[in-house]
Amino acid sequence: MHHLMRRFRNAPRWAILCTNDFREHAVSSIGVAQIVHSLEVGGMERVVSHLATGLTAPFKPMVVCLTIKGHFAPMLEEAGIEVVALHKQPGKDLRLPGRLAKIFRERNIRVVHAHNSGPLFTGTLAAKLCGAKVIVVTDHSRQFPERTSVKAAEWVLVRMLDQVISVSDENRRDLIDKLGWPANKIVVVPNGVARVPQIEPAPAEALRAEFGLDAAMPTILTVARLEKQKNLGVLIEALGRLRDRGVPGRLLIAGEGSERPVLEAKVRTLKLADRVRLPGWRLDSLSLYRLADLFALSSDWEGLPMSMLEAMSAALPVVATAVGDVPKALIEGKTGRLAPPQNPAALADALADLLQDANLRRSFGQAGYELWHDRFSDEHMVQRYTQLYARFL
């Protein structure tokens, strides 16, 4: 026991707070289960991945996917993180919490961390069945109004939790005002991302050739699901307006979703096939940030979008709609430009100056990088969560 105390004498506050846990369980680790629908490519899934890989001893992370494992799973498994898929079928599965509780008991899970509504239901009941010590949920933003049945179930479940985490101040207000969740249980932990890695010259040149990118026409990148929330049609319309004004610019939309046919039709209608590319989901999407000149987001609603933070970490200027906590992470006139949602003319105006001024892009991009480094890195986020877990152990 003394060697454990010596090991953690100079440890960070969260580790010191866990000392009693070491006394009780000797050298055993503290199992932490992250519960998600799947690890398909998305912002929330990237948060879970950063948490799973960022947690260090005494915490031992695992990820439980209610449906399938998804694209991010192999990367986590390669890093030594266990990923379990429950293969839940559509509809209600009342046996799922029991199955999950068995997994928790077998792996000595003491911290259960659910992400969004379905995992909140299954994870909370499973945690109660197996006697987990800490139960928390992160709400990554949602569209309102919420279904009455979901609202009623969550109203009961959140009162069983130790903590609710919101990724943005606006989402926290929505949880209180629109869902009736107790304000004293909700804290805000902003999303954080790892720095987008540099790319070697040879693969960078290959990607430029694949997408037909050249220095004569600046590249706008967006990384997003092709769903109504992201309203990428507005961004495509903005690009059409810029072309009509003689402003050079090419748009690369990395993502997949149900809106693909609608977006492809809009590209054809506006005759923008030479300026808009929709390559789908790509596991090398992080490399695309290093090829772009600026980043754009046209969402109708958000919490704190991971893709915007990734763009900042890559020193890209950002043009985004003023929704959720985007205006708190994007400093107007310093790291990028803001535009009202559902307004292609305003979005085109916000993009125009940056597309035509490389020096302004560099200035905004550097300021954005510094802001990411100071406030939105994955290290900041993981530290906040580990301190939160430790508070209830």
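Just so it is clear, the model here is predicted, and its values are computed rather than measured. (Residues numbered from 1 in each chain as written. Predicted model: local features only at pLDDT ≥ 70, side-chain atom pairs only at ≥ 80, totals over all residues. Heavy atoms only, no water.)

**Q** Looking at this structure, how should I read the packing of aromatic side chains?
**A** Two descriptors summarise a pair of aromatic rings, namely the distance from one centre to the other and the angle between the planes of the rings. Counted under the stated rule, the structure contains 4 aromatic pairs. Ring geometry for Tyr369 versus Trp372: centroids 5.5 Å apart, planes at 40°, classification tilted. Of this pair, Tyr369 and Trp372 both sit in helix H17 (residues 358-375), separated by 3 residues, roughly a single helical turn. Judged by relative accessible area, which is 5%, Trp372 ranks as buried. (Phe/Tyr/Trp six-rings, centres within 6.5 Å; stacked < 30°, edge-to-face > 60°. Helix = DSSP H or I, 4+ residues; strand = E, 2+ residues; numbered from the N terminus. Buried < 20%, exposed > 50% of the residue type's maximum accessible area, 1.4 Å probe, protein only.)

**Q** Sorry if this is basic, but what is going on with helix H6 (residues 96-106) here?
**A** Quick reminder: α-helices carry 3.6 residues per turn. Residues three or four places apart thus point the same way. Looking at H6, one finds that the buried residues are Leu96, Pro97, Leu100, Ala101, Ile103 and Phe104. Looking down the long axis of H6, one finds its buried residues gathered within 160° of arc, a one-sided arrangement. Turning to H6, the residues buried within the fold contact strand E1 (30-36), strand E2 (59-65), strand E3 (82-85), strand E4 (109-115) and helix H7 (117-130). Following H6 by one or two positions, Asn108 has its phi on the positive side, about 55°. (Arc of directions from axis to C-beta. Contact = heavy atoms within 4.5 Å.)

**Q** Would you mind going over the packing of H7 against helix H8 (residues 148-157) with me for this structure?
**A** When two helices pack together, their arrangement is given by the angle between their axes and by how far apart the axes lie. In the contact formed by H7 and H8, the axes pass within 11 Å of each other and the chain directions differ by 40°. For the element pair H7 / H8, the angle class is oblique. Relative to H8, H7 is oriented so that their crossing is left-handed. For the pair H7 and H8, contact is made by Ser117, Leu120, Phe121, Thr124 and Leu125 and by Val150, Glu154 and Leu157, respectively. Residues that form the contact of H7 with H8 fall into these classes: 5 nonpolar, 2 polar and 1 charged. (Axes fitted to C-alpha atoms, helices over the stretch in contact; angles between N-to-C directions. Parallel < 35°, antiparallel > 145°, perpendicular 65-115°, else oblique. Left-handed = near helix turned anticlockwise from the far one by under 90°. Nonpolar A, V, L, I, M, F, W, Y, C, P; charged D, E, K, R; others polar.)

**Q** In this structure, what is going on with the sheet that holds strand E9 (residues 250-254)? I would like to understand it.
**A** Each strand in a sheet pairs with another by means of backbone hydrogen bonds, the pair being arranged parallel or else antiparallel. Taken in spatial order, the 6 strands make up an open sheet running E10-E9-E8-E11-E12-E13, and their pairing is parallel. The outermost strands of the open sheet, each flanked by one partner alone, are strand E10 (276-277) and strand E13 (336-339). One ladder, built from 2 bridges, connects E9 with E10; its direction is parallel. Within E10, the position partnered with Leu252 by the bridge is Arg277. Those strands touched by helix H11 (residues 232-244) are strand E8 (219-223), E9, E10 and strand E11 (294-297), and its axis lies near 165° from that of E9. (Pairing = 2+ DSSP bridges.)

**Q** What's the story with the sheet that holds E1 in this structure? I'm lost.
**A** Here we have 7 strands laid out as an open sheet, ordered E3-E2-E1-E4-E5-E6-E7, and parallel in their pairing. Every interior strand has two partners, whereas the edge strands, E3 and strand E7 (186-188), have only one. On average, each strand axis in the sheet is inclined to that of its neighbour by 25°, with strand direction left out of account. In the sheet, E1 pairs with E2 via 7 bridges, with the strands oriented parallel. Among the inter-strand pairings, Val32 is bridged to a residue of E2, identified as Pro61.

**Q** I keep staring at the nonpolar core and nothing clicks. Help me out?
**A** Note that soluble globular proteins tend to have their nonpolar side chains buried in a common cluster. If you look at the biggest cluster of nonpolar residues, it comprises 51 residues, and the most contacted ones within it are Tyr289, Phe295, Met308 and Tyr389. Listed in part, the 31 residues of the second largest apolar core include Ala224, Ile236, Leu272 and Leu360. (Core = buried A, V, L, I, M, F, W, Y, C linked by side-chain atoms within 4.5 Å.)

**Q** Looking at this model, I keep getting lost on the side chain of Arg142. Mind explaining?
**A** You can see Arg142 is positioned in the loop between strand E5 (134-139) and H8. A polar side-chain atom of Arg142 sits 2.5 Å from a polar atom in the side chain of Asp139. In terms of polar contacts, Arg142 uses its side chain to reach the side chain of Glu154, at 2.9 Å. (Polar contact = N/O pair within 3.5 Å; in protein donor to acceptor, adjacent residues only side chain to side chain.)

**Q** How do you make sense of the pairing of strand E12 (residues 318-321) when you look at a structure like this?
**A** Look at any regular strand and the pattern is simple: side chains alternate between the two faces of the sheet. Here E12 shows no split at all, with Val318 and Ala320 on one side and Val319 and Thr321 on the other all buried. Where E11 meets E12, 3 bridges bridge the pair, whose relative direction is parallel. Across the sheet, Leu297 pairs through a bridge with Ala320, a residue of E12. Between the parallel pair E11 and E12, the chain is carried across by helix H14 (residues 306-313), and the sense of this crossover is right-handed. (Right-handed = clockwise from strand over helix to strand, strands pointing away.)

**Q** What should I look at first to understand the environment of Met160 in this one?
**A** Looking at the element boundaries, Met160 is found in the loop between H8 and strand E6 (163-166). In this view, Met160 contacts Thr124, Lys128, Ile135 and Lys185; residues no more than four positions away in its chain are not counted.

**Q** Looking at this structure, how should I read the side chain of Arg275?
**A** Mapping Arg275 onto the fold places it in the loop between helix H12 (260-269) and E10. No salt bridge forms around the buried Arg275; measuring N to O, its nearest opposite-charge neighbour Asp274 is 4.7 Å away. In contact with Arg275, not counting residues within four places along its chain, are Met217, Leu239, Arg243, Val247, Pro248, Gly249, Arg250 and Leu251. (Lys, Arg positive; Asp, Glu negative; His and termini not counted. Salt bridge = Lys/Arg side-chain N within 4 Å of Asp/Glu carboxyl O.)

**Q** Where do I start with the pattern of salt bridges in this structure?
**A** Pairing is possible between side chains of opposite charge, provided their charged atoms come close. Per the counting criterion, the structure on display carries 23 salt bridges. The residue Lys178 makes a salt bridge to Asp174 at a minimum N-O spacing of 3.5 Å. Residue Lys178 and its partner Asp174 are both found in helix H9 (residues 169-179); the two are separated by 4 residues, about one turn of the helix. Residue classification places Lys178 among the partly exposed positions, given a relative accessible area of 41%. Within the structure, one salt-bridge network assembled from shared partners comprises Glu82, Lys102, Glu106 and Arg107.

In short, shape yes, function no, at least from these values alone.
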